[in-house]
Amino acid sequence: MLANLGLFCLILTAVVSSCGAGIGLYSLLLRKQTLVPAAISCSFSVVAFLFAGLSLLALSVAFASDDFSLSYVSENSNSALALPFKIAATWGGHQGSMLFWVAIISGWAVLVSRRNSHLSDFHASWLMLALVSIFSWFTLFASNPFALNEVLPLEGRDLNPMLQDIGLIIHPPLLYVGYVGFASVLALTCGYLITAKSEEDVFERLTRHTLLAWVFLSAGIIVGSGWAYYELGWGGWWFWDPVENASLLPWLTATALVHSVMVSRKQGQLKVWTFSLAIVTFCLSILGTFIVRSGVLTSVHAFAVDPSKGLTLLGILSLVFVSAYVLLINRSTSIKSNAISRFATKNTLILWAINLFVLATAIVLLGTFYPLLYQLFGLGNISVGAPYFNLLFAPLTIIALMTMALSPLLKWQAQPGVFPRKLALITGLVSAILALMFIRYYIHHDNEVAATWSTYSFITTWAVVWLIVTHALRCFRVRKQTCRYKVYLVSIAHIGVAILAFGASMNSHYSYELTAKLGPQNSMQFGDYKIHYQQTQLYVAPSFTAEQAVIKITHTSGNSVIVKPEKRHYPVRVMDMTEPSLTPYWNGDVYITLGEKLDPQHYAVRIQFKAFIRWIGLGGLLVVFAGVGLLVRGVLVKQLHLRNKRAITRESHA
């Protein structure tokens, strides 16, 4: 019953969205560009969203009720699985994630269709319906989550043990909302280009939609990196895995888009950059979906190994990219964009930053797909790993930090003033001294674990301190101005990126580890910490059994803590998983992983110190906080503007 209901709602989603898109296309082809069909288009968006939501709800209820008649449920769930993970398993596999994608994109379609004051809004609305239609039909014919089993199984295969974590509940939804949100940015861009008329407030809408999608994507990446850090048991937060790169690619171009659309809205510049980045960002989101679903690249995240699905997604990507860029080229002569006429201005600096993001995107794109192309042309097999990305990303990161450090010292092109060379020199010199003192202190403090000088860490720390100093000065100067809250939030975002970069550089150069044979009542010294293995415990959970080590960690200051790393066995999937222990300190985590059992009493225990790892998460949280703050501020400013406009209108009538 649930399968039939969910499938019927998915079919209705595809049909309704196709009809709405067809009406819009019909109006365009006949050049009947009026606002009359706009309300109809909005209604189609709402109905499509309702049916997509009901379809997703039906699949979730099927998981919660252990309906193993559905092939997708029996492959990804089990009756012993906890209820939150049963519901999260809805998007934990390939078919369910595509249905989730359809539900989210139909929600964004409703958001786009809410305003119909311009022709561009109407075109954006039916273009969103067209995207809903494309992905709905793709899900129906290539990734149907409501397919039935030929033989009814008594029990399911269980959810992949790596996915039985709160990260599955949080990470994919955030990431998907971010991915799909850029569809609305693409639709608004194409709607503007179709009308070929000057509607400057389109950049205000583009700013809101871009920032909202960017916040979700940023939060999804941060949660995902944290999930990888503690779940996989390797102690890393970023592995340059192809699917990790797939989420980084649209984030890089989206960050560039956030800056370019701001300049387009306020200064009337970089409009072609804004439209180009809007198109590329959503296409990169589809490319990420292609990587996950096609199986053409090896990844711990891969949902499916089915080239036919990947080729279909690649066809959708090509159609969207070519159509959008042909439209942009065709309308390029009607785009009136102001020129950047002064060099030492924020405008120039933002253009420089955009180019840095585009270069970073090209580096990641090449490193991710070069092995595939190398094999495709019959040249053999080759792998591109972390050394390639680290070598090229390190200098780009430093240049980006310096660029952000300079931004508070520069003025907009429309504002008078010259570049304050003396202030830049003084703040830069003071920051270099502070960074040198910090690195020297840290090396001296950790000389027992062979901490050595790192030029990259010093330069990164210097750029980070310089950025914080210049932004603090900027915040102090505007403390009495009306724009101060926006300046504060932008400064928090930049400082968040700086802290993230600082944590990453220190983590890569000042982490250390060792592996030891430990058993009950064994002890060892590990840097500033004494590791005492007390005992081994066994326990049985509903879906797994576990061996748990009880370890006491004592810092040289005398503070101690008890941790319990585990080795879990999942009998249904016949898989073993490692659950590490994480003990946080101000400068890093003591990360303990229980390895192979060497004899009845002893284990191979891997002990790592992950330097400044929590600073990476802190920086990411600051970035997301600033993004949310900017969104809330934008809504409040808009509401205030509308209230003042209504008051002026009432006074004029009176």
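Since we're looking at a predicted model, the values are computed, not measured. (Residues numbered from 1 in each chain as written. Predicted model: local features only at pLDDT ≥ 70, side-chain atom pairs only at ≥ 80, totals over all residues. Heavy atoms only, no water.)

Mind showing me how you'd approach the overall build of the chain here?
For the chain, the count of helices and strands is 17 helices and 10 strands. Computed over its C-alpha atoms, the radius of gyration of the chain comes to 27 Å, within 12% of the 26 Å expected for a compact globule of 654 residues. Its C-alpha atoms put the chain at 85 × 75 × 65 Å along the principal axes. In the chain, which comprises 654 residues, the share counted as buried stands at 52%. If you take every contact in the chain between residues at least 6 apart in sequence, the share linking residues at least 24 apart comes to 73%. Carbon and sulfur atoms make up 67% of the accessible area of the chain, which totals about 29100 Å². Here the chain holds 45 positive side-chain charges and 28 negative ones, and the gap between their average locations is 20 Å. (Helix = DSSP H or I, 4+ residues; strand = E, 2+ residues; numbered from the N terminus. Rg over C-alpha atoms; globule rule 2.2 N^0.38 Å. Buried < 20%, exposed > 50% of the residue type's maximum accessible area, 1.4 Å probe, protein only. Contact = heavy atoms within 4.5 Å. Areas by Shrake-Rupley, 256 points an atom, 1.4 Å probe, with all protein chains shown as cover. Lys, Arg positive; Asp, Glu negative; His and termini not counted. Charge placed at Lys NZ, Arg CZ, Asp CG, Glu CD.)

Would you take a moment to explain the pattern of salt bridges for this structure?
A pair can form between side chains of opposite charge whenever their charged atoms are brought close. For the coordinates displayed, the defined rule picks out 10 salt bridges. A salt bridge links K517 to D599, with the shortest nitrogen-to-oxygen separation between them at 3.6 Å. Of this pair, K517 sits in strand β1 (residues 512–518) while D599 sits in the loop between β9 (588–597) and β10 (603–611), and the two are 82 residues apart along the sequence. Take D599: its relative accessible area is 24%, and that puts it in the partly exposed class. (Salt bridge = Lys/Arg side-chain N within 4 Å of Asp/Glu carboxyl O.)

Sorry, what's going on with the pairing of strand β7 (residues 575–579) here?
Residues in a regular strand point their side chains to alternate faces of the sheet. Pairing geometry for strand β6 (residues 566–570) and β7, over five bridges, is antiparallel. Residue K567 lies in a different strand from β7, and its bridge partner there is T578. The hairpin turn running from β6 into β7, its antiparallel successor, is four residues long, and V574 in that turn takes a positive phi close to 55°. (Pairing = 2+ DSSP bridges.)

Please explain the side chain of H532 as it appears in this structure.
Here H532 lies in strand β3 (residues 529–540). Given the relative accessible area of 19%, H532 is considered buried. Side chain to side chain, H532 and Q521 meet in a polar contact 3.5 Å long. Those residues in contact with H532 that sit more than four places away from it in its chain are Q521, N522, S523, V550, I551 and K552. (Polar contact = N/O pair within 3.5 Å; in protein donor to acceptor, adjacent residues only side chain to side chain.)

Where do I start with the packing of helix α5 (residues 94–113) against helix α6 (residues 119–142) in this structure?
The axes of two packed helices give the description: the angle between them and the distance between them. Between α5 and α6, whose axes approach to 9 Å, the crossing angle comes to 170°. Compared by their axis directions, α5 and α6 come out roughly antiparallel. Two secondary-structure elements touch here, α5 through M98, L99, W101, V102, I105, S106, W108, A109, V112 and S113 and α6 through A124, S125, M128, L131, V132, F135, S136, F138 and T139. In the contact of α5 with α6, the residues fall into 14 nonpolar, five polar and no charged. (Axes fitted to C-alpha atoms, helices over the stretch in contact; angles between N-to-C directions. Parallel < 35°, antiparallel > 145°, perpendicular 65-115°, else oblique. Nonpolar A, V, L, I, M, F, W, Y, C, P; charged D, E, K, R; others polar.)

Looking at this structure, I do not really get the sheet that holds β9. What am I missing?
The strands making up a sheet associate through backbone hydrogen bonding, with each pair oriented either parallel or antiparallel. Reading across from one edge, β1-β10-β9-β8 is the order of the four strands in this open sheet, with antiparallel pairing throughout. At either end of the open sheet lies a strand with only one pairing partner, and these are β1 and β8 (581–585). The average undirected angle you get between the axes of adjacent strands in this sheet is 20°. Here seven bridges tie β1 to β10, and the two strands are oriented antiparallel to one another. Across the sheet, the residue bridging to A516 is V605, located in β10. Packing of helix α8 (residues 202–231) onto the sheet brings it into contact with β8, β9 and β10, and relative to β9 it is tilted by some 45°.

Hey, could you run me through the packing of helix α14 (residues 421–445) against helix α15 (residues 455–477) in this one?
Here α14 crosses α15 at 135°, and the two axes come no closer than 8 Å. One finds that α14 runs oblique with respect to α15. Crossing of α14 against α15: the hand is right-handed. Here L423, A424, T427, G428, S431, A432, L434, A435, L436, F438 and I439 of α14 come into contact with α15, specifically with S457, F458, T461, W462, V465, W466, V469, T470, L473 and R477. (Left-handed = near helix turned anticlockwise from the far one by under 90°.)

Looking at this structure, how should I read the state of the cysteines?
Think of a disulfide as a covalent bridge from one cysteine sulfur atom to another cysteine sulfur atom. Tallied over the full model, the rule gives zero disulfides. For C190, which is in no disulfide, the shortest distance to another cysteine sulfur is to C283 and amounts to 9.1 Å. (Disulfide = S-S within 2.5 Å.)

Would you mind going over the pairing of β9 with me for this structure?
Of all the 10 residues making up β9, eight are buried; the element is thus mostly covered by neighbouring parts of the structure. Note that β8 and β9 share five bridges and pair antiparallel. The partner of P584 across the bridge, within β9, is D589. The hairpin turn running from β8 into β9, its antiparallel successor, is two residues long. Two elements, β9 and β10, share eight bridges in a ladder whose sense is antiparallel. Counterpart to K597 in the pairing with β10 is Y603. Joining the antiparallel neighbours β9 and β10 is a turn of five residues.

Could you clarify how one ought to interpret unusual backbone geometry in this entry?
Residues other than glycine predominantly adopt negative phi, and peptide bonds predominantly adopt the trans conformation. A positive phi angle is found at D66, which is not glycine, with a value near 55°. In this structure, W240 takes a positive phi of about 55° despite not being glycine. Considering the arrangement of structural elements, one finds W240 in the loop between α8 and α9 (242–267).

Interpretation note: all reported values are geometric properties and have no functional meaning in isolation.
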